[in-house]
Amino acid sequence: MSTLSSLIKVLTNPAHLRALLSFNTKGYLADIGWFKAFDSKSPVDANGKPIPWVTYSFIDFIKERLTKQHSVFEFGSGNSTFFYAKYAGKVVSVEHDKAWLDKINKSDKKTKNSEMIYCELQRDGDYCRMPLKLDQKFDIIIVDGRDRVNCCKQAIDALTPSGVVVLDDSERESYKEGVSFLLKAGFKHLPFSGISPGLFYLKSTSVFYKADNCLGI
């Protein structure tokens, strides 16, 4: 169904139109801040606080399980960096866009427990290997930047024994190789599907974990 035909269908159904108009002030979309995110074109919650551009179901899940004992590595930076730093003990992000990294580093939302590293993007290059190059182990590795399949492949060697990998947009066909790799490496797959801040299409954010993992799954 085209956008125009969908609009006509809504406009000719008064009940549907009234319901849609009411969502801006009440109901689930208003409660989670979806309209704030849509208007600002950035991932924020109902109070304007930064959140990741992942599914709301994953946000609800992770914010109840992250603790200051957790270390997080993140492929890609932004509001997600501020969000994870609020709950975790340490967040390290790698970013390929220098202008964007400078903007995030200068933000008044940046905290002392977050670090951002610039790395030029080259497929299967230093970017996807950054957590290994740091010679550290991380409890949670978030794959939400570029070259995601290779990031998944490199991430498992930078995890603590109880570590987990999180892959955003895991439903995409282009990331199936990464999903298959993690499954073959012995990880179980827990997808969180739904909508994300300011967007209204179905997507998934997935957690890949093993027994005795740091999130208590």
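Above this text is the structure in question.
What you are looking at is a predicted structure, and each value in this text was computed from that prediction instead of being measured.

Conventions adopted
Residues numbered from 1 in each chain as written. Predicted model: local features only at pLDDT ≥ 70, side-chain atom pairs only at ≥ 80, totals over all residues. Heavy atoms only, no water. Helix = DSSP H or I, 4+ residues; strand = E, 2+ residues; numbered from the N terminus. Buried < 20%, exposed > 50% of the residue type's maximum accessible area, 1.4 Å probe, protein only. Contact = heavy atoms within 4.5 Å. Axes fitted to C-alpha atoms, helices over the stretch in contact; angles between N-to-C directions. Parallel < 35°, antiparallel > 145°, perpendicular 65-115°, else oblique. Left-handed = near helix turned anticlockwise from the far one by under 90°. Core = buried A, V, L, I, M, F, W, Y, C linked by side-chain atoms within 4.5 Å. Disulfide = S-S within 2.5 Å. Polar contact = N/O pair within 3.5 Å; in protein donor to acceptor, adjacent residues only side chain to side chain. Salt bridge = Lys/Arg side-chain N within 4 Å of Asp/Glu carboxyl O. Pairing = 2+ DSSP bridges. Right-handed = clockwise from strand over helix to strand, strands pointing away. Nonpolar A, V, L, I, M, F, W, Y, C, P; charged D, E, K, R; others polar.

What follows is about the overall build of the protein chain. Helix and strand counts for the protein chain come out as 10 helices and 7 strands. Here the protein chain holds 217 residues, and the buried ones make up 47% of them. Counting only contacts in the protein chain whose residues sit at least 6 apart along the sequence, the fraction spanning at least 24 positions is 53%.

Here the focus is the packing of helix 9 (residues 148-155) against helix 10 (residues 176-184). The angle between the axes and the distance between the axes are what describe a pair of packed helices. At a minimum axis distance of 8 Å, the contact between helix 9 and helix 10 shows a crossing angle of 15 degrees. Between helix 9 and helix 10, the interaxial angle falls into the category roughly parallel. Judged by the twist between their axes, the crossing of helix 9 over helix 10 is right-handed. Counting all contacts with helix 9, which are made through Val149, Cys152 and Lys153, the residues of helix 10 involved are Glu177, Gly178, Phe181 and Leu182.

This part is about the nonpolar core. Within the largest apolar cluster, 28 residues are counted, with the highest numbers of intra-cluster contacts made by Phe58, Ile140, Val207 and Leu215. Every element with two or more residues in this core is listed here: helix 4 (34-40), helix 5 (56-63), helix 6 (79-87), strand 4 (138-143), strand 5 (159-168) and strand 7 (203-209). Top element by residues in this core is helix 5. It accounts for 5 residues. Residues within four places of Ile140 in sequence aside, it is in contact with Leu66, His70, Ser71, Val72, Phe73, Val164, Val166, Cys214 and Leu215. Formed by 25 residues, the second largest nonpolar core is a distinct cluster that contains Ile117, Val149, Cys152 and Val179.

Within this structure, the stated rule accounts for 0 disulfides. The thiol sulfur of Cys119 is not disulfide-bonded, and the nearest other cysteine sulfur, from Cys128, lies at 8.8 Å. Not engaged in a disulfide, the cysteine Cys128 finds its nearest cysteine sulfur in Cys151; these two sulfurs lie 5.6 Å apart.

Take the side chain of Asp169 next. Position of Asp169 among the secondary structure elements: in the loop between strand 5 and helix 10. A polar side-chain atom of Asp169 sits 3.1 Å from a polar atom in the side chain of Lys203. Aside from chain neighbours lying at most four places away, what touches Asp169 is Arg148, Tyr175, Lys203 and Ser204.

Taken as a whole, this structure holds 10 salt bridges when the rule is applied. A salt bridge links Asp126 to Lys133, with the nearest nitrogen and oxygen atoms 3.4 Å apart. Across the pair Asp169 and Arg148 runs a salt bridge whose closest N-O atoms are separated by 3.0 Å. Of this pair, Asp169 sits in the loop between strand 5 and helix 10 while Arg148 sits in helix 9; the two residues are 21 residues apart in sequence, bridging distant segments of the chain. Asp169 gets classed as buried once you look at its relative accessible area, which sits at 4%. Its relative accessible area of 10% is what places Arg148 among the buried residues. Here the residues in one salt-bridge network are Asp144, Arg148, Asp168, Asp169, Arg172 and Lys203, joined through shared partners.

A word on unusual backbone geometry. Even without glycine at this site, Lys41 takes up a positive phi of about 55 degrees. You can see Lys41 is positioned in the loop between helix 4 and helix 5. On the basis of relative accessibility, which here comes to 67%, the residue Lys41 falls in the exposed class. The phi angle at Asp169 is positive, at roughly 60 degrees, despite the residue not being glycine.

Pairing of strand 2 (residues 90-95) with strand 3 (residues 114-118), which is carried by 5 bridges, proceeds in the parallel orientation. Paired with Val92 across the two strands is Glu115, which belongs to strand 3. As for the winding sense of the linkage, the β-α-β connection from strand 2 through helix 7 (residues 98-106) to strand 3 is right-handed.

Where helix 5 meets helix 6, the closest approach of the two axes is 11 Å, and the angle between their N-to-C directions is 25 degrees. It follows from the interaxial angle that helix 5 and helix 6 lie roughly parallel. In this structure, helix 5 contributes Phe58, Ile59, Ile62 and Lys63 to the contact, and helix 6 contributes Phe83, Tyr84 and Tyr87. Within the contact of helix 5 with helix 6, the residues separate by chemical class into 6 nonpolar, no polar and 1 charged.

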